[in-house]
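# Structure at a glance
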Amino acid sequence: MSSLGTQLDSRPTISNLGPRVCVSPKQISVGVCLFLSGLSSLTYQVIWQRVLSQEIGVDSVSMAVVVSVFMVGFGLGTLFGGFLAGVRHFNLVVGYAVAEFLIGGLGLFSVDLLRTANRIAAQFGWEGVLYDFLINLATLIAPTFLMGMTTPMITEWLSTSESKVGRLVGIFYGLNVLGAAAGALLAGFLFIELFGLRATARLAAILNLFVGVLAITCLHSSRKKEAGENPASANPAEIFPSRFRFSSILACICFGFVTLAFEVVTFRILAVCFESHVHVFPMMLCCFLLTMGLGDMLSGLVVDRAVTRYPLGWLMALFFLMVITTVVVLHIPVETWRAAVPRSWILALLLVPLLVFPVLFQSALFPTTIAMVAGRGQRACSCVGKVLFWYTAGNLLGCAFTALFLVGAIGTINIFRLCFALVLLGAFLLTAPLVKPSKRVIQSAICGVAILVFGVCLVPENYFHRLRPCTEYQEGPEGVVTYREGFPLGGIQVNGTPAAQVYRSIQPLVSREHNLTGLFQVDPGFQPRRILIIGVGPADLVWAMREHDVVENMTVVELSPEVIGFVRKHSAPDIVAALDDPRVKIVIGDGRRFLNRAATHGQQYDLIQVGTFYPDVAGSANLYSRDLLTNARHCLAPQGYFMTLDCAGIVPTAHAVFANGMILIGTPNYMFFFDHELDATKPNASSSSVRLLDPARFADYPVTTDDTPTFEFRFLRELLDHPRSLRARIHQMPVERYSTTFAAAWPE
């Protein structure tokens, strides 16, 4: 995220706080620039992450690619910005303004560039994690590099005393983070719903252009160091002196790792608490950044004095507060609160700030590191640039390694324990060059180890059993998968959202006619040779269709291997045998990504089923946009059918793509969309069992597209209009609400 500073005039300022503080108009302009640049940066991040989730998927590998692209660009930018800010004759304000103008110019077209680059790559067959990373890095490297580059320039522009650099960074960087929190909240709750992705990106670009103009008009006239020149030498050896020790680099990596690992596991907990709704992420990100910004600002007021007097004691105090608050929030009886607070949004307002509260003390490590490294003779620009670079390297490792490996290998609770250990290790590494062995130092070290043991022992075991009572659970890269025993039906949830039923007996399947007998009666010419199933669900369709000799192959795409494992472990033997049928191929991956690539390569299927529960939760909604359904239509063979859950909210979007839609009374829970005309002269079923869906009767539901994802982003509509539930089941509605029968063209 970009940042800005201004050279201080002769009046007392925030960067050299004394008994009294006088805030100049120039500093107010700096604060406005900082806040707005942070707001625009997080708005971009929310938008780009949404676009890339549509283009390359929401599985763990895809999300690691997204985070890596951001971190690489931002990290390289901070390193280069530290060098640039130390170059003689370089005007920092003009440089900052130009960077903001360039970010805004690139942001105007960023959504279209991302979509075009990924679709061209798909057409050329450039597939795989490496290609995804390189293509999106090439697309986003310029704006993310510029965002990172400006951060060291603020410090050099603001700094008049290197001894106060910790306070300077804490306060002004905190303002930037607070703007980022506002950007996450506004983008997730308002901007995308009101304007769509493209228009929201353009709004963020306008903010960048405004910040650039504000920098030129309000700050360029301020007093400059020797007529706007930086007195530092352009010699890289002076800009990046050797005093930035290897131990400091390791400390920055440890602290950066903890920051993003903490965010990952906190989000997993919140997702289980409140299901995977799209608003959970911006709310969590806003609270996370808000707490981080406050921690930066509050610690900035005292950090220089604290690290000068007793650096290890200050770090041990922060470590203790982080550990004790983490232990306390993990013991909150969430299930009791959920029962006592009926409305989920009220529970979220109470619980989310509490769960991220430890970040208040964790975030103080950043200005502390800046102050301690700068105290060894580093220039402000070099100090901030290098610390941010290695912090960002730790962020990258923390996010990718935690999401891809640690959650499955050691689990969420043990990641908290690992974070405790890394903070303590980082504190020792950071202070090692500054303190000499003494009785006081040894006592502080023993105290730190005691705090670590305290935190490790008191973090609760079986935490997700307490959040969501269940028979068993497994953690994987895609989330926390829980199973609750029942007979004849068990239940599987992913991050608190129902993902599949588990049929302990096949008797319910036989009685409910899951073998699509009604469809074969309506269309006797239907020959489903190739079937694509997005989301394994209870594997009922796999079980039903394996009895048809005409079926040549069935491809099942499932995001979570843990769901497949629970279905195999707890389902009736006949269903397990169906999954083991040689005609069945199970693909672990993102369903939208698979379908997009199938359309690109011209693959066709006679039946496509999208059976994920609830089209309005994060990730699943990507499978029901008009753009995705258009690709599904391209993948359908002539006389083929698109089959999905009978949720009313899906009907207008599907009818915008397909010519016809129907439900079969004997086939509950599903509806079918198709383009061909059924033979009305040879009826094979009573019109009383077939209902054509009338799109005019669903006009009160919106059409969702990739650019306007109304299924997920609906906060204002729910707040103001109270629209009908997107999950309303058509089979449970009165006939006149949704349908005309075949009677007009197909008499009984």
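Residues numbered from 1 in each chain as written. Predicted model: local features only at pLDDT ≥ 70, side-chain atom pairs only at ≥ 80, totals over all residues. Heavy atoms only, no water.

This part takes up the overall build of the protein. When helices and strands are tallied, the protein shows 29 helices and 13 strands. The burial tally for the protein puts 60% of its 748 residues in the buried class. Considering only contacts within the protein whose residues lie at least 6 apart along the sequence, 81% involve residues at least 24 apart. (Helix = DSSP H or I, 4+ residues; strand = E, 2+ residues; numbered from the N terminus. Buried < 20%, exposed > 50% of the residue type's maximum accessible area, 1.4 Å probe, protein only. Contact = heavy atoms within 4.5 Å.)

Looking now at a nonpolar patch on the surface. A cluster of nonpolar side chains, namely Val94, Val98, Phe101, Leu102, Leu209, Val213 and Ile216, defines an oily patch on the protein surface of about 500 Å² accessible area. Looking at the nonpolar patch, the elements with two or more residues in it are helix 3 (92–108) and helix 6 (165–219). Element by element, the count of residues in the nonpolar patch is highest for helix 3, at four residues. Within the secondary structure, leucine 102 is located in helix 3. (Patch = residues over 30% accessible without salt bridge, like charges linked within 9 Å, V, L, I, M, F, W, Y side chains within 5 Å. Areas by Shrake-Rupley, 256 points an atom, 1.4 Å probe, with all protein chains shown as cover. Salt bridge = Lys/Arg side-chain N within 4 Å of Asp/Glu carboxyl O.)

Attention now goes to the packing of aromatic side chains. This model, assessed by the stated rule, comprises 21 aromatic pairs. Considering the side-chain rings of phenylalanine 255 and tyrosine 391, the 6.5 Å spacing of their centres and the 50 degrees angle between planes classify their relative orientation as tilted. With phenylalanine 255 in helix 8 (residues 246–274) and tyrosine 391 in helix 16 (residues 380–409), this pair connects stretches of sequence that are 136 residues apart. Note on phenylalanine 255: relative accessible area 1%, which makes it buried. Assessed through its relative accessible area of 7%, tyrosine 391 is described here as buried. Grouping aromatic residues by their ring pairs yields a cluster made of Phe520, Phe526, Tyr641, Phe672 and Phe674. The positively charged end of arginine 530 is found above the aromatic ring belonging to tyrosine 605, 4.7 Å away from the centroid. (Phe/Tyr/Trp six-rings, centres within 6.5 Å; stacked < 30°, edge-to-face > 60°. Lys NZ or Arg CZ within 6 Å of the ring centre and 35° of its normal.)

Regular strands place side chains that alternate from one sheet face to the opposite one. Across the six residues that make up strand 8 (residues 605–610), a large majority, six, are buried. In this structure, strand 5 (residues 530–534) lies alongside strand 8, joined through four bridges in parallel fashion. Counterpart to isoleucine 533 in the pairing with strand 8 is glutamine 609. With five bridges joining them, strand 8 and strand 9 (residues 636–645) adopt parallel strand pairing. Within strand 9, the residue paired with leucine 607 across the bridge is tyrosine 641. (Pairing = 2+ DSSP bridges.)

Below, the discussion takes up unusual backbone geometry. As a rule of thumb, non-glycine residues mostly have phi less than zero, and peptide bonds are mostly trans rather than cis. Positive phi, close to 65 degrees, is recorded for alanine 539, a residue that is not glycine. Structurally, alanine 539 can be placed in the loop between strand 5 and helix 22 (540–545). Residue classification places alanine 539 among the buried residues on the basis of a relative accessible area of 1%.

Between helix 11 (residues 311–330) and helix 17 (residues 412–431), whose axes approach to 9 Å, the crossing angle comes to 175 degrees. Judged by the inter-axis angle, helix 11 sits roughly antiparallel to helix 17. Residues Pro311, Leu312, Leu315, Met316, Phe319, Met322, Val323, Thr326 and Leu330 of helix 11 touch helix 17, and the partners they reach there are Ile413, Phe416, Phe420, Val423, Leu424, Ala427, Phe428, Leu430 and Thr431. A per-class count over the contact of helix 11 with helix 17 returns 16 nonpolar, two polar and no charged. (Axes fitted to C-alpha atoms, helices over the stretch in contact; angles between N-to-C directions. Parallel < 35°, antiparallel > 145°, perpendicular 65-115°, else oblique. Nonpolar A, V, L, I, M, F, W, Y, C, P; charged D, E, K, R; others polar.)

With that settled, the discussion passes to the state of the cysteines. What the rule picks out here adds up to zero disulfides. Cysteine 254 forms no disulfide, and the closest cysteine sulfur to it belongs to cysteine 252, at a distance of 9.4 Å. (Disulfide = S-S within 2.5 Å.)

Okay, the nonpolar core next. Of all hydrophobic cores here, the largest spans 138 residues; its most connected members are Trp48, Ile269, Phe274, Phe319, Phe366, Val387 and Leu467. Here the element with the most residues in this core is helix 6; it accounts for 18 residues. Residues contacting isoleucine 269, with those up to four places away along its chain left out, are Leu330, Leu355, Thr412, Phe416, Tyr463, Phe464 and Leu467. Among the nonpolar cores identified, the runner-up in size contains 79 residues, and Leu519, Val536, Val651 and Phe673 belong to it. (Core = buried A, V, L, I, M, F, W, Y, C linked by side-chain atoms within 4.5 Å.)

This part takes up the environment of leucine 294. Locating leucine 294 in the fold gives a position in helix 9 (residues 280–300). For the pair formed by leucine 294 and valine 359, sequence separation is 65 residues and the distance between their alpha carbons is 9.6 Å. Residue contacts for leucine 294: discarding those within four places in its chain leaves Leu178 and Leu360.

Here the focus is the pairing of strand 10 (residues 660–664). The element strand 10 is largely enclosed, with a buried count of five among its five residues. On strand 10, burial covers both faces: Asn660, Met662 and Leu664 on one face and Gly661 and Ile663 on the other are all buried. Alignment of strand 10 against strand 11 (residues 670–674), held across three bridges, turns out to be antiparallel. Looking across to strand 11, one finds that methionine 662 is bridged to phenylalanine 672. Here strand 10 folds back onto strand 11 in antiparallel fashion, the turn holding five residues, of which asparagine 669 has a positive phi close to 80 degrees. Sheet topology places strand 10 next to strand 12 (residues 690–693); three bridges connect them, and they run antiparallel. In the sheet register, leucine 664 faces strand 12, and the bridge partner there is valine 690.

Our next topic: the sheet that holds strand 4 (residues 497–503). Read across the sheet, four strands follow the order 1-2-3-4 without closing on themselves; strand pairing throughout is antiparallel. Edge positions in the sheet fall to strand 1 (472–476) and strand 4, since each has one partner strand and no second. Going from strand to strand, the sheet's axes swing by 20 degrees on average, the running direction of each strand aside. Note: strand 3 (residues 489–494) against strand 4, six bridges, orientation antiparallel. Looking at strand 4, one finds that glycine 491 is bridged to glutamine 501.

If you walk through the whole model with that rule in mind, you get 16 salt bridges. Here arginine 115 and glutamate 55 are joined by a salt bridge, their closest N and O atoms 3.2 Å apart. You can see arginine 115 sitting in helix 4 (residues 110–123) and its partner glutamate 55 sitting in helix 1 (residues 25–56), a full 60 residues away along the chain. Residue classification places arginine 115 among the buried positions, given a relative accessible area of 4%. One salt bridge in this structure joins glutamate 55 and arginine 119, with 3.1 Å as the shortest N-O distance. Taken together, the residues glutamate 55 in helix 1 and arginine 119 in helix 4 connect sequence positions 64 residues apart. The partly exposed category is assigned to arginine 119, whose relative accessible area is 40%.

Look at helix 8 against helix 9: their axes get within 10 Å of each other, and the N-to-C directions meet at 140 degrees. What the angle tells us is that helix 8 and helix 9 run oblique. Like other packed secondary-structure pairs, helix 8 and helix 9 cross with a definite hand, here right-handed. On helix 9, the residues touching Thr259, Glu263, Phe267, Leu270, Ala271 and Phe274 of helix 8 are Val280, Phe281, Met284, Leu285, Phe288 and Met292. Its residues assigned to classes, the contact of helix 8 with helix 9 comprises ten nonpolar, one polar and one charged. (Left-handed = near helix turned anticlockwise from the far one by under 90°.)

Note that every value here comes from positions in space, so none of it alone points to a role or purpose.
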